[in-house]
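Chain and residue survey
What follows is each chain in one-letter form.
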Amino acid sequence: MNKFESRYAQSPKEVKQMDTATLRENFLIENIFEANEVNLTLSHFDRYIVGGAMPVDGKLDLPNPSDLKANYFLERRELGIICVGGKAIVTADGQKFELDYKEALYIGRGTKAVSFESVDKNQPAKLYINSAPAHKAYPAKKVSKAEAEIVEMGSPETANHRIINKLLVNSVLQTCQLQMGMTELKSGSVWNTMPAHTHDRRMEAYFYFEVPKGQSICHFMGEPQETRHVWMQNNEAVISPNWSIHAGAGTSNYTFIWGMAGENLDYGDMDHCAITELR
Ligand SMILES: O=C[C@H](O)[C@@H](O)CC(=O)C(=O)O
Ligand SMILES: [Zn+2]
């Protein structure tokens, strides 16, 4: 059975009081990929949806959760997909897109039927999904690294050398408020998003993958002067409120997908935190 979970938004005051289990219940998203299921979590932060589809035996349809009170999922929403498993076929109102590993697809508001299929059931597709409310219909478009805006950040000396692939962003295609991309850490580098930042005008979600077996990610969240950590495993996601930092250190290098929505489409609209001021 497909899973759908709705989560409240939390304030800094509440989060300060949370123990490990409560923090994890509120922010960590586990079990994103289950064979033949589409699992979705709706956050009340910007009504952002985070989830995954894992088609193995035949086609899987994007469901229409009753909580959305919509005639179909994308009636008032837009969708971003990044393939993190075997090759997939995504069909959007009859239009077929083949997605290879690490390729992204945008599907606009008003698309009535979306389905997912694996090309080879022995190498099942894993489709990471983000969705935000949308006011306008923009055309569906596939974006691979070749079309992405690519930025190199950090250095080996500070263990944060990484490549930011901006995939579904407004310099590449039109979206309403959704922005998604993928950051790949170089061997020997473990820190993402350090120096850390907040962006009060957008919430964000991080999804970690390519975490080697036996290794983990320590994800940091909270107000810059009141941080908490969430230990995360491969293929798990975490919600970052607009007031929270979102950064992580792995026990190895890894890759992650970031997705965000809110007030603007300005990637650079961030408030940076001095490393020495974090608490
Ligand atoms: O608001 C932007 C996002 O947090 C990420 O794009 C940051 C990131 O991938 C990184 O620095 O490694
Ligand atoms: Zn951010």
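Residues numbered from 1 in each chain as written. Chains lettered and ligands numbered in written order. Predicted model: local features only at pLDDT ≥ 70, side-chain atom pairs only at ≥ 80, totals over all residues.

**Quick look at the overall build of the chain**
Along its length, the chain carries 2 helices and 24 strands. Here the chain has a C-alpha radius of gyration of 18 Å; the compact-globule value for 279 residues is 19 Å, and the two agree. Once the C-alpha set of the chain is aligned to its principal axes, its extents read approximately 55 × 40 × 35 Å. Across the 279 residues that make up the chain, the buried fraction comes to 45%. Considering only intrachain contacts with a sequence separation of at least 6, the fraction spanning at least 24 residues in the chain is 73%. (Helix = DSSP H or I, 4+ residues; strand = E, 2+ residues; numbered from the N terminus. Rg over C-alpha atoms; globule rule 2.2 N^0.38 Å. Buried ≥ 20, exposed ≤ 12 C-beta atoms within 10 Å, placed from the backbone. Contact = placed C-beta atoms within 7 Å.)

**Remarks on the site of ligand 1**
Neighbouring residues of ligand 1: Met 153, Arg 162, Ile 164, Gly 181, Thr 183, Asn 192, Thr 193, His 199, Glu 204, His 246, Trp 258 and Met 270. Of all the secondary structure elements, the ones that give two or more residues to the shell around ligand 1 are β14 (162-168) and β15 (179-185). (Near = placed C-beta within 6 Å.)

**Looking at the sheet that holds strand β2 (residues 28-29)**
Sheet architecture is open: 7 strands sit in the order β2-β21-β18-β23-β15-β14-β13, paired in antiparallel fashion. Single-partner strands in this sheet number two, and they are β2 and β13 (149-153). Bridging between strand β18 (residues 202-209) and strand β23 (residues 255-262) involves 8 bridges; their strand directions are antiparallel. Each bridged residue has a counterpart across the sheet, and for Glu 204 the counterpart in β23 is Met 260. (Pairing = 2+ DSSP bridges.)

**Some thoughts on the sheet that holds strand β3 (residues 37-43)**
In space, the 7 strands of this open sheet follow the order β1-β3-β4-β11-β6-β9-β12, with mixed pairing throughout. Strands with a single pairing partner mark the edges of an open sheet, and in this sheet they are β1 (3-7) and β12 (141-143). The sheet shows a mean angle of 15 degrees between the axes of neighbouring strands, direction not considered. As paired strands, strand β4 (residues 49-54) and strand β11 (residues 127-133) are joined by 5 bridges and run antiparallel to one another. Looking across to β11, one finds that Ala 53 is bridged to Leu 127. (Axes fitted to C-alpha atoms, helices over the stretch in contact; angles between N-to-C directions.)

**Brief notes about the UniProt feature "binding site: Zn(2+)" (unreviewed entry) in the chain**
UniProt feature "binding site: Zn(2+)" (unreviewed entry): in the numbering of this structure it lies at His 197, His 199, Glu 204 and His 246. A stretch of 50 residues holds the annotated residues, and the largest C-alpha distance among them is 11.4 Å, short enough that they meet in one place. Mapped onto the fold, His 197 is located in strand β17 (residues 197-198). In this structure, His 197 is in contact with Ile 245, Met 270, Asp 271, His 272 and Cys 273, ignoring residues within four places of it in sequence. The topology assignment puts Glu 204 in strand β18. (UniProt positions renumbered as here; feature names shortened; annotations may be inferred.)

**Description of the pairing of β15**
Counted residue by residue, β15 has 5 buried out of 7 residues, so it is predominantly covered. As paired elements, β15 and β23 share 6 bridges and run antiparallel to each other. Each bridged residue has a counterpart across the sheet, and for Met 182 the counterpart in β23 is Ile 257.

**Let's talk about the pairing of strand β9 (residues 104-107)**
Covered by surrounding structure in β9 are Ala 104 and Tyr 106 together with Leu 105 and Ile 107, the residues of both alternating faces. Two strands pair when backbone bridges link them, and strand β6 (residues 77-83) and β9 are joined in this way by 4 bridges, in the antiparallel orientation. Pairing of Ile 81 across the sheet is with Leu 105, part of β9. Both β9 and β12 contribute to a ladder of 3 bridges, which runs antiparallel.

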